[in-house]
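Survey of secondary and tertiary structure
Below, each chain spelled out in residue letters.
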Amino acid sequence: MEEKILEICEGVDSSIDYTSTALIDDGILDSVTLISIISEIGDEFDLEIPYEEIIPENFNSIKSMAELVEKYV
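Let me sum up the structure you'll find in this document. (Residues numbered from 1 in each chain as written. Predicted model: local features only at pLDDT ≥ 70, side-chain atom pairs only at ≥ 80, totals over all residues. Heavy atoms only, no water.)

Overview of helix α2 (residues 31-45)
Taking 1.5 Å per residue as the helical rise, α2 with its 15 residues ought to reach 21 Å, and the 21 Å between its terminal C-alpha atoms agrees with that figure. The elements touched by buried residues of α2 are α1 (2-12), α3 (56-59) and α4 (62-72). Immediately downstream of α2, the backbone of Asp46 shows phi near 50°, a positive value. (Helix = DSSP H or I, 4+ residues; strand = E, 2+ residues; numbered from the N terminus. Expected span 1.5 Å × (residues − 1). Contact = heavy atoms within 4.5 Å.)

Spelled out as structure tokens, the structure:
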């Protein structure tokens, strides 16, 4: 799952180093990129991430994004 999430993220913006575990906290992901990633994840897995799940903890790393998706697929 993490490999697929990484592939999606790199498709949105390949200039970002997604190995960080503080993508949101360190300001690596801006709001536009984050929304694009959420949209692409939703399209890829045919799911809608609930608004209350769009919190920094769920998007700070590829691992946390994968764990979030796994809850809904």
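A closer look at the pattern of salt bridges
Applying the stated criterion to the full structure yields four salt bridges. The shortest N-O distance in the salt bridge between Glu67 and Lys63 comes to 4.0 Å. Separated by four residues within a single helix, Glu67 and Lys63 lie in helix α4, roughly one turn from each other. On the basis of relative accessibility, which here comes to 42%, the residue Glu67 falls in the partly exposed class. Residues joined in a network through salt bridges with shared partners are Lys4, Glu7 and Glu44. (Salt bridge = Lys/Arg side-chain N within 4 Å of Asp/Glu carboxyl O. Buried < 20%, exposed > 50% of the residue type's maximum accessible area, 1.4 Å probe, protein only.)

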